[in-house]
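This is what each chain is made of:
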Amino acid sequence: MKNEISNILKLIENGETFKALDGAKLFYKKDQKNIDAIKLLAYSYIQLGNFDQVIKVLEEGYNKKKDLKDFDYYNNMGYALSQIEEYDEAISYLKRAQEFKNSPSVKTCLAEVFLKQRDFVKAGEIILSALEDIKKIGTKSFNKYANIFLLISEINSALNKDEETISLFNQILQNEFNENIFFLLANINPNSIEKKIIEIAEKNLLTNENNYKNKIERFNFVTPLYFGLAMYYESKDKEKSEKYFDSGNKEIFNSTRYNSHQYQERIVKTMNLYVKKYKSFDESDRDHGKKNFFIMGSPRSGTTLVESIVTANDKVFSGGELKSGKYIIEKNILSNEQSFNDLNHKFISKYLRRTSYLRGSYEYIVDKMPENFLYLGMIQKLLPKAKIIRVFRNPWDTAISLYKQRYVLNIPYSVSFFNIGVFLANFEAINLFWNNHIQNKSNILDIKYEDLVSEYTFHQKKIYKFLEVNSNYDEKRRSDFFSQTASTRQVKEGVHRRSIEKKDFLQHKSEFMDALLMQREYWGKKNILPIDNKFFGYSLY
């Protein structure tokens, strides 16, 4: 039995998560009452992000073994609940876990929950306590608990304490170089890195390239160096910076799976089901969504800037990129057997309850998950009183911005200009589809990023008028805005035009354009094409 467990854990450690799940299922099938089998199966589902299944396995497995509920049970339940945005329950389980063991992983999860609730001070206290715990374990544990350093960076950004993060990270790097901390420091302020640290990073890159072979090791010891060095040289040596970005993205491309055809098939299925089952549903007598705002668009299109404007008052709570709406729809909408009434009940009972909890005493809450654009029509049917802002940006500027981010898992297409081109053609197609099929456009406002930054005051007022936010706009509140996205520090810099008409990576532009136009041909065969051959008004050449 010990060998089976260790073999499955080894697969997880090496990044072979699907094989690990298969092994955990077989182990569990042999003896479903075995606590180790239950824990291992739940842990395997965690690695794949299937948190509903984690909760189901743990609840069913411990149903008749309540006296055996231990640290692993409460910790994994708390983590899974936090990931499906059941924050109140998550806090309760995580605090129970703490009664069993003083664990940095529990504190990290708690800090992340309080960060989501925008209780930055409490989140900061907890994460600094977790840092002290891992310091006692030793510097070798820093990669295992890498998320602690990411959260320190995010929480201090929210508290306008970037200088404290820079000082801490520089101190760590002076004592013992760490690839992930180097990357985080470069992401905050590449100019704060001393030249000798850069020399160590470049030397380590050569060594690590040869020494680390499996994808988990390369994720920790190779990829952060490529992206950190790329950011450092961005303002100093453009050619060198672009080479590092290319190498970092190639590294991720070689170690991840992204199937653009599956994404395309999901869009086609969504379109077909909407026309067949949901378009004719009459929502005129329903009042759901009057407290909910949505901001949608391609990642890196300006959605964070728009969110900072929408929440620069005392009426609107920033929910950030909420997973719930997209997840609930994806889990249910793609089932041919699911009726609209069933989906409606599940969505209302979960999504509105969760967003109401986060909203607290605020009048409204904004959900800024960019890829909600995939389900705009469904969201409009489910929450007919919700207000929706779509953000568009020049596709080449968007592509460059995506390529410069180390997304790894959440935006897998960002690692190649070919995949980005295919994605943006798919983005165009689904939005053109919604333009043609949604009947009520009065609750949708389209904003172009370039227009927003060029005529900022005009568009700020236009946004507030559309949302009917009866509150004064506060520019300081906007400039202090925090979001758990790659754009948060750029938003704090203020509104500017520096990200318009970029000239980077021109050697890749033909690859990007060919992919976008090729994918356009696919949608053209389904009669989905822009009338003027432009990308929502943007010229592609």
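Look up: the structure comes first, before these words.
The following paragraphs examine the structure supplied in this document. Here the residue index of a chain counts from 1 through its sequence in written order. pLDDT decides what is reported in this predicted model: residues at 70 or higher carry local features, side-chain atom pairs at 80 or more are listed and counted, and totals for whole chains, interfaces and linings draw on all residues regardless. In computing side-chain values, all of the structure's heavy atoms are included and hydrogens and water are not.

**What to know about the overall build of the protein**
Secondary structure elements are defined from DSSP: runs of H or I of at least 4 residues count as helices, runs of E of at least 2 residues count as strands, and each element is numbered from the N terminus. Helix and strand counts for the protein stand at 27 helices and five strands. In terms of its C-alpha atoms, the protein occupies a principal-axis envelope of roughly 60 × 60 × 50 Å. Think of it in three bands: with a 1.4 Å probe and only protein chains considered, a residue is buried below 20% of the maximum accessible area for its type, exposed above 50%, and partly exposed in between. The proportion of buried residues among the 541 residues of the protein is 58%. Sequence-distant contacts in the protein: of pairs separated by 6 or more residues, those separated by 24 or more amount to 73%. Residue-level accessible areas treat just the shown protein chains as cover; the underlying method is Shrake-Rupley with a 1.4 Å probe. Surface accessibility of the protein: about 24600 Å² in total, with carbon and sulfur atoms responsible for 48%. Residue contacts are counted whenever heavy atoms from the two residues lie within 4.5 Å of one another.

**Thoughts on a negative patch on the surface**
The patches described consist of residues with a relative accessible area above 30% and no salt bridge, like charges being joined within 9 Å and nonpolar side chains (Val, Leu, Ile, Met, Phe, Trp, Tyr) within 5 Å. Salt bridge, as applied in this entry: a Lys or Arg side-chain nitrogen positioned within 4 Å of an Asp or Glu carboxyl oxygen. For the purpose of charge, His is not counted, nor are the chain termini; Lys and Arg are scored as positive and Asp and Glu as negative. For the purpose of locating charges, the reference atoms are NZ of Lys, CZ of Arg, CG of Asp and CD of Glu. A grouping of Glu59, Glu60, Asp88 and Glu89 is seen on the molecular surface, where their side chains present a negatively charged patch. For the negative patch, the secondary-structure elements that each account for two or more residues are helix H4 (51-61) and helix H6 (87-100). Note that Glu59 resides in helix H4. The partly exposed category is assigned to Glu59, whose relative accessible area is 44%.

**Some points on the packing of helix H8 (residues 120-137) against helix H9 (residues 146-158)**
Note on definitions: angles span 0 to 180 degrees between N-to-C directions of axes, and those axes are lines fitted to C-alpha atoms, for helices only across the stretch in contact. Interhelical geometry of H8 versus H9 gives an angle of 150 degrees and a closest axis separation of 10 Å. As summarised for this structure, H8 and H9 are arranged roughly antiparallel, according to the angle between their axes. Like other packed secondary-structure pairs, H8 and H9 cross with a definite hand, here left-handed. Residues Phe120, Ala123, Gly124, Ile127, Ala130, Leu131 and Ile134 of H8 pack against Ile148, Phe149, Leu151, Ile152, Ile155 and Ala158 of H9. All residues other than Ala, Val, Leu, Ile, Met, Phe, Trp, Tyr, Cys, Pro, Asp, Glu, Lys and Arg, Gly among them, are scored as polar; the first ten of these are nonpolar and the last four charged. Its residues assigned to classes, the contact of H8 with H9 comprises 12 nonpolar, one polar and no charged. Convention used here: angles under 35 degrees read as roughly parallel, angles over 145 as roughly antiparallel, angles from 65 to 115 as roughly perpendicular, and any remaining angle as oblique. Definitions for this section: a left-handed crossing has its near helix turned counterclockwise from the far helix by less than a right angle. A right-handed crossing has that turn clockwise.

**Notes on the pattern of salt bridges**
In the structure shown here, the tally under the stated rule is 29 salt bridges. The partner of Arg218 in a salt bridge is Glu209, with the nearest N and O atoms 2.6 Å apart. For Glu209, a relative accessible area of 23% puts it in the partly exposed group. Each of Glu234, Lys238, Lys404 and Asp504 takes part in a single network of salt bridges with overlapping partners.

**Some thoughts on the nonpolar core**
The biggest cluster of nonpolar side chains holds 152 residues, and the ones touching the most others in it are Phe149, Phe182, Leu383, Ile420 and Phe512. At 11 residues, the largest contribution of residues to this core is made by helix H22 (residues 417-437). Not counting chain neighbours up to four residues away, the residues in contact with Phe149 comprise Leu131, Ile134, Phe142, Phe169, Ile172, Ile181 and Leu184. Here, nonpolar core refers to any group of buried Ala, Val, Leu, Ile, Met, Phe, Trp, Tyr and Cys residues whose side-chain atoms link them within 4.5 Å. Counting 24 residues, the second-largest nonpolar core is a separate cluster that includes Leu305, Ile447, Tyr464 and Val469.

**Here we look at the pairing of strand E4 (residues 387-392)**
Burial analysis of E4 places six of its six residues in the buried class, which makes it a mostly covered element. Burial along E4 is two-sided: the face carrying Lys387, Ile389 and Val391 and the face carrying Ile388, Arg390 and Phe392 are both buried. By the bridge criterion, five bridges tie strand E1 (residues 292-297) to E4 in an arrangement that is parallel. Across the sheet, residue Met296 finds its bridge partner in E4, namely Arg390. Strands are treated as partners if at least two bridges between them are detected by DSSP. With five bridges connecting them, E4 and strand E5 (residues 444-448) associate as parallel partners.

**With respect to unusual backbone geometry**
Positioned with a positive phi, Arg118 is a non-glycine residue whose angle comes to about 65 degrees. In this fold, Arg118 is placed in the loop between helix H7 (104-116) and H8. Note on Arg118: relative accessible area 24%, which makes it partly exposed. With phi around 70 degrees, Arg300 is a residue other than glycine that occupies positive phi space.

**What to know about the pairing of E1**
When you tally the buried positions in E1, you get six out of six residues, the bulk of the element. Burial of E1 is two-sided: the residues Asn292, Phe294 and Met296 facing one way and the residues Phe293, Ile295 and Gly297 facing the other way are all buried. Pairing between E1 and strand E3 (residues 364-367): three bridges, direction parallel. Bridge pairing links Phe293 to Val366 in E3.

**Here's the deal with the packing of aromatic side chains**
Centres within 6.5 Å are what make two rings of Phe, Tyr or Trp a pair, Trp counting through its six-membered ring; a difference in plane orientation under 30 degrees is then read as stacked, over 60 as edge-to-face, and the rest as tilted. Tallied over the full model, the rule gives 42 aromatic pairs. Two thresholds decide whether a charge sits over a ring: the Lys NZ or Arg CZ must be within 6 Å of the ring centre and within 35 degrees of the ring normal. Above the face of the Phe466 ring, Lys387 is positioned so that its terminal group lies 5.2 Å from the ring centre. One residue, Arg406, lies across the ring of Phe219, its end atom 4.8 Å from the ring centre.

**Let's talk about the environment of Leu516**
For Leu516, the location among the structural elements is in helix H27 (residues 509-524). On the basis of relative accessible area, Leu516 is assigned to the buried category, the value being 0%. Spatially, the C-alpha atom of Leu516 lies 37 Å from that of Asp342, the residues being 174 residues apart in sequence. In this structure, Leu516 is in contact with Gly421, Val422, Leu424, Ala425 and Leu540, ignoring residues within four places of it in sequence.

**A word on the sheet that holds E4**
The five strands lie next to each other as E2-E3-E1-E4-E5, forming an open sheet whose pairing is parallel. The outermost strands of the open sheet, each flanked by one partner alone, are strand E2 (316-318) and E5. Neighbouring strand axes in the sheet, compared pairwise and without regard to direction, differ in orientation by 25 degrees on average. The sheet strands contacting helix H19 (residues 340-359) are E1, E2 and E3, and the helix crosses E3 at an angle near 115 degrees.

**Some words on the environment of Met271**
Within the secondary structure layout, Met271 lies in helix H16 (residues 260-278). Residue classification places Met271 among the buried residues on the basis of a relative accessible area of 5%. In contact with Met271, other than residues within four places in its own chain, are Ala429, Ile430, Phe433, Trp523 and Ile528.

**Side note on the environment of Ser82**
Here Ser82 is to be found in helix H5 (residues 71-83). Between the alpha carbons of Ser82 and Ser510 there is a distance of 42 Å; along the sequence they are 428 residues apart. Leave out the neighbours within four places in its chain, and Ser82 touches Tyr87, Ala90, Cys109 and Val113. Side-chain atoms alone can form a polar contact between residues adjacent in sequence; in general such a contact is a pair of N or O atoms within 3.5 Å, and within protein one must be able to donate a hydrogen while the other accepts it. In this structure the side chain of Ser82 is engaged in a polar contact, spanning 2.6 Å, whose partner is the backbone oxygen of Tyr79.

**Concerning H6**
Multiplying 1.5 Å by the residue count of a helix minus one yields the expected span of that helix. Given a rise of 1.5 Å per residue, 14 residues ought to cover 20 Å, and the 20 Å separating the end C-alpha atoms of H6 matches this to within 8%. Considered for burial, the residues of H6 that qualify are Tyr87, Ala90, Ile91, Tyr93, Leu94 and Ala97. The inward-facing, buried residues of H6 contact H5, H7 and H19.

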